[in-house]
Amino acid sequence: MNKAAYTLDVPEDRFDLLDNLSSRPGPLKVMLVGGTDSGKTTLLTFLANGLIERGLRVAVVDSDVGQKGILPPATISLAFPEGSFSSPSELTGVAHYFIGTTSPGQYAGEMAVGVKRLVDIALESADVVLIDTTGFVEGPGAEMKRLKAELVRPDVTVFLERDNELEGLRKLLSPYGDVVSIRVSPKAREHSREQRREVRREKWRAYFSGSALVEVDLENVSIGGTSLFQGRPLTDEEVELLSSLFGWLVLAGWRGRRYTVVKSDVQSFPRGYDRFALHAIDFERLSNLLVGFIDGNGLCLGVGILKWISFSAKKAQVLTPIPPEEIGRAVELRFGRIRVLETGEELGLLRREEL
Ligand SMILES: Nc1ncnc2c1ncn2[C@@H]1O[C@H](COP(=O)(O)OP(=O)(O)OP(=O)(O)O)[C@@H](O)[C@H]1O
């Protein structure tokens with residue numbers, strides 16, 4: 001199931017926008033902004049096809065991490081459609097930036113940097129770069145759009161609005177490029193949380209079909225995206241002390257500015273401790289965690305699901321569809337903040353500070 005599809009049954013102002021964009025000198029950067037289900041992806045598909053028909057080389061940067069078309073989920077992806085297409089889900093990404101969650105509220109920095117990096121790559125060969133964004137347009141979502149606009153400097157930012165509701169955001173972004181406002185199509189349809197989850201479930205399942213378990217030697221790659229593995233490892237005495245104080249099986253721990261431990265509960269009793277001095281993570285929170293394989297250029301080769309980690313052997317087992325010859329290019333394993341199964345079932349999101 002895809003939410004958006006190519007249609008010419010769009011309001012007349014979309015054709016005016018297409019004329020406007022194709023009359024401008026390239027390379028052109030166009031960012032699409034609108035609330036949830038406002039029709040951003042439908043508009044992107046319409047514009048991309050129209051521009052391709054006019055002989056322009058189009059790049060698509062899909063940063064709608066909550067409802068991505070281009071696989072894998074939880075990343076930002078760049079694709080170059082070679083001809084007409086009916087949905088971004090048909091496109092194959094050529095470069096990706098790892099975000100690690102489908103809910104990027106705490107990841108404004110990564111979102112802005114990822115879009116900037118992929119737009120820079122796109123500009124090496126595209127006439128027009130179309131940037132799809134999340135429907136997250138209020139509060140931190142608005143700031144995220146500003147950061148993207150500041151870095152990318154879109155020539156045109158198109159706002160999809162029902163009732164002038166994005167006026168504030170339009171003003172906020174107007175110093176960084178032209179802004180155009182068009183009305184949401186009366187045909188735009190809202191999707192329930194369950195329908196959105198179902199769309200994501202299918203994407204996860206499609207991405208992980210044909211995956212294999214690979215063993216990652218944690219001595220050979222850096223570990224990023226987490227405060228685990230930072231600082232010096234705990235001494236046996238420190239492990240002993242924490243275990244007896246709190247009734248934990250301490251699986252791993254590090255001492256930096258504070259103590260960070262991965263533990264399993266042996267006894268359940270109420271424990272009070274200074275959370276600024278000690279950060280304890282339940283081992284189960286790591287199971288089925290999404291991780292990204294990052295290459296030497298900071299781009300994402302693909303994602304995987306952490307199935308097992310042995311702190312003593314310094315090995316991890318990760319389920320991933322990345323071919324073995326590609327995996328060898330990874331220099332970093334980066335921790336995400338969503339737990340998901342290869343069936344597409346999402347087990348839950350984690351907060352950034354949890355790991
Ligand atoms: N012009 C149109 N004609 C027919 N259907 C449309 C049109 N515009 C939007 N829709 C429908 O409205 C729904 C939402 O559109 P779309 O998925 O493009 O929105 P979005 O803003 O990209 O959503 P998201 O919040 O998931 O990013 C889809 O089912 C889409 O097919």
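Residues numbered from 1 in each chain as written. Predicted model: local features only at pLDDT ≥ 70, side-chain atom pairs only at ≥ 80, totals over all residues. Heavy atoms only, no water.

So, empty space enclosed by the protein
Enumeration over the complete set of coordinates arrives at 1 cavity of 30 Å³ or more. In this structure, the largest cavity encloses a volume near 60 Å³. Lining the largest cavity, in full, are Val 65, Gly 66, Gln 67, Lys 68, Pro 73, Thr 102, Arg 200, Lys 203, Trp 204 and Glu 346. When residues in the lining of the largest cavity are grouped by element, the largest group, 3 residues, is from helix 6 (residues 193-208). (1 Å grid on protein atoms, 1.4 Å probe; cavity = no way out; pocket = protein on both sides within 12 Å on 5 of 7 lines; lining within 4 Å. Points joined across faces, edges and corners; volume = space filled by probe spheres on them. Helix = DSSP H or I, 4+ residues; strand = E, 2+ residues; numbered from the N terminus.)

Points about the sheet that holds strand 7 (residues 178-183)
Strand order in the open sheet formed by 7 strands is 4-3-2-5-1-6-7, with mixed pairing between adjacent strands. The strands lining the two open edges of the sheet, one partner per strand, are strand 4 (95-98) and strand 7. Within the sheet, the average angular offset between the axes of one strand and its neighbour, ignoring direction, is 15 degrees. Bridging between strand 3 (residues 75-79) and strand 4 involves 4 bridges; their strand directions are antiparallel. Each bridged residue has a counterpart across the sheet, and for Thr 75 the counterpart in strand 4 is Phe 98. On the sheet, helix 3 (residues 108-123) packs against strand 1 (28-34), strand 2 (58-62), strand 3, strand 4 and strand 5 (128-132) and is oriented at approximately 10 degrees with respect to strand 3. Against the sheet, helix 4 (residues 140-152) makes contact with strand 1 and strand 5, and its axis sits at roughly 175 degrees relative to strand 1, the strand it touches most. (Pairing = 2+ DSSP bridges. Axes fitted to C-alpha atoms, helices over the stretch in contact; angles between N-to-C directions. Contact = heavy atoms within 4.5 Å.)

Topic: the pattern of salt bridges
One pass over the full model with this rule turns up 25 salt bridges. With its nearest N and O atoms 2.8 Å apart, the salt bridge here joins Glu 161 to Arg 170. Taken as a pair, Glu 161 and Arg 170 share a single burial class, namely buried. The partner of Lys 307 in a salt bridge is Glu 342, with the nearest N and O atoms 2.9 Å apart. In this pair, Lys 307 is assigned in strand 15 (residues 300-310) and Glu 342 in the loop between strand 17 (330-340) and strand 18 (346-349), connecting sequence segments 35 residues apart. (Salt bridge = Lys/Arg side-chain N within 4 Å of Asp/Glu carboxyl O. Buried < 20%, exposed > 50% of the residue type's maximum accessible area, 1.4 Å probe, protein only.)

Observations concerning the side chain of Thr 134
Note on placement: Thr 134 falls in the loop between strand 5 and helix 4. Reaching out from Thr 134, the side chain makes a polar contact with the side chain of Lys 145 at a distance of 3.2 Å. Those residues in contact with Thr 134 that lie beyond four places of it in its chain are Gly 34, Lys 40, Ser 63, Asp 64, Val 65, Pro 104, Met 111 and Lys 145. (Polar contact = N/O pair within 3.5 Å; in protein donor to acceptor, adjacent residues only side chain to side chain.)

A few points about a nonpolar patch on the surface
Residues Leu 249, Leu 251 and Val 266 make up a contiguous nonpolar surface patch of roughly 260 Å² in combined accessible area. On the secondary structure map, Leu 251 appears in strand 11 (residues 248-255). (Patch = residues over 30% accessible without salt bridge, like charges linked within 9 Å, V, L, I, M, F, W, Y side chains within 5 Å. Areas by Shrake-Rupley, 256 points an atom, 1.4 Å probe, with all protein chains shown as cover.)

Let's talk about the layout of surface pockets
Its boundaries defined by the atoms lining it, the second largest pocket holds a volume of some 250 Å³. Surrounding the second largest pocket, Phe 229, Gly 231, Pro 233, Leu 234, Val 239, Leu 251, Ala 252, Gly 253, Trp 254, Phe 311, Ser 312 and Lys 314 form its lining. Top contributing element to the lining of the second largest pocket by residue count: strand 11, with 4 residues. Per-class residue counts for the lining of the second largest pocket are 8 nonpolar, 3 polar and 1 charged. (Nonpolar A, V, L, I, M, F, W, Y, C, P; charged D, E, K, R; others polar.)

Here's the deal with the UniProt feature "domain: Clp1 P-loop" (unreviewed entry) in the protein
When the UniProt feature table is mapped onto this chain numbering, "domain: Clp1 P-loop" (unreviewed entry) sits at residues 34-210. Helix makes up 37% of residues 34-210 and strand 18%, with an end-to-end C-alpha separation of 35 Å. (UniProt positions renumbered as here; feature names shortened; annotations may be inferred.)

Some points on the domain arrangement of the protein
According to the domain assignment, the protein consists of domain 1 (12-202) and domain 2 (210-355). Computed over C-alpha atoms only, the centres of domain 1 and domain 2 are separated by 32 Å. Contact with domain 1, which involves 21 residues of that partner, is made by 22 residues of domain 2. Between domain 1 and domain 2, roughly 1,700 Å² of surface is buried when both sides are summed, and carbon and sulfur atoms account for 54% of that area. Where domain 1 meets domain 2, there are 7 residue pairs in polar contact (both at pLDDT 80 or more). Elements supplying a minimum of two residues to the side of domain 1 that touches domain 2: strand 4, helix 3 and helix 6. Partitioning the side of domain 1 that touches domain 2 into residue classes produces 9 nonpolar, 7 polar and 5 charged. (Domains from an automatic or database assignment. Buried area = accessible area lost by both parts, 1.4 Å probe.)

With respect to the packing of helix 1 (residues 12-22) against helix 2 (residues 40-53)
Where helix 1 meets helix 2, the closest approach of the two axes is 10 Å, and the angle between their N-to-C directions is 50 degrees. The orientation of helix 1 relative to helix 2 falls into the category oblique. Helix 2 is crossed by helix 1, and the crossing has right-handed handedness. Contacts from Arg 14, Phe 15, Leu 17, Leu 18, Leu 21 and Ser 22 in helix 1 reach Leu 43, Phe 46, Leu 47, Gly 50 and Leu 51 in helix 2. When the residues that make up the contact of helix 1 with helix 2 are grouped by side-chain class, the tally is 8 nonpolar, 2 polar and 1 charged. (Parallel < 35°, antiparallel > 145°, perpendicular 65-115°, else oblique. Left-handed = near helix turned anticlockwise from the far one by under 90°.)

Overview of the packing of helix 3 against helix 4
Running from amino to carboxyl end, helix 3 crosses helix 4 at an angle of 30 degrees, the nearest separation of the two axes being 9 Å. Considering their axes alone, helix 3 and helix 4 lie roughly parallel with respect to each other. In this structure, helix 3 crosses over helix 4, and the sense of that crossing is right-handed. Contacts from Ala 108, Met 111, Ala 112, Val 113, Val 115, Lys 116 and Val 119 of helix 3 reach helix 4 at Met 144, Leu 147, Lys 148, Leu 151 and Val 152. Looking at side-chain class alone, the contact of helix 3 with helix 4 contains 10 nonpolar, no polar and 2 charged residues.

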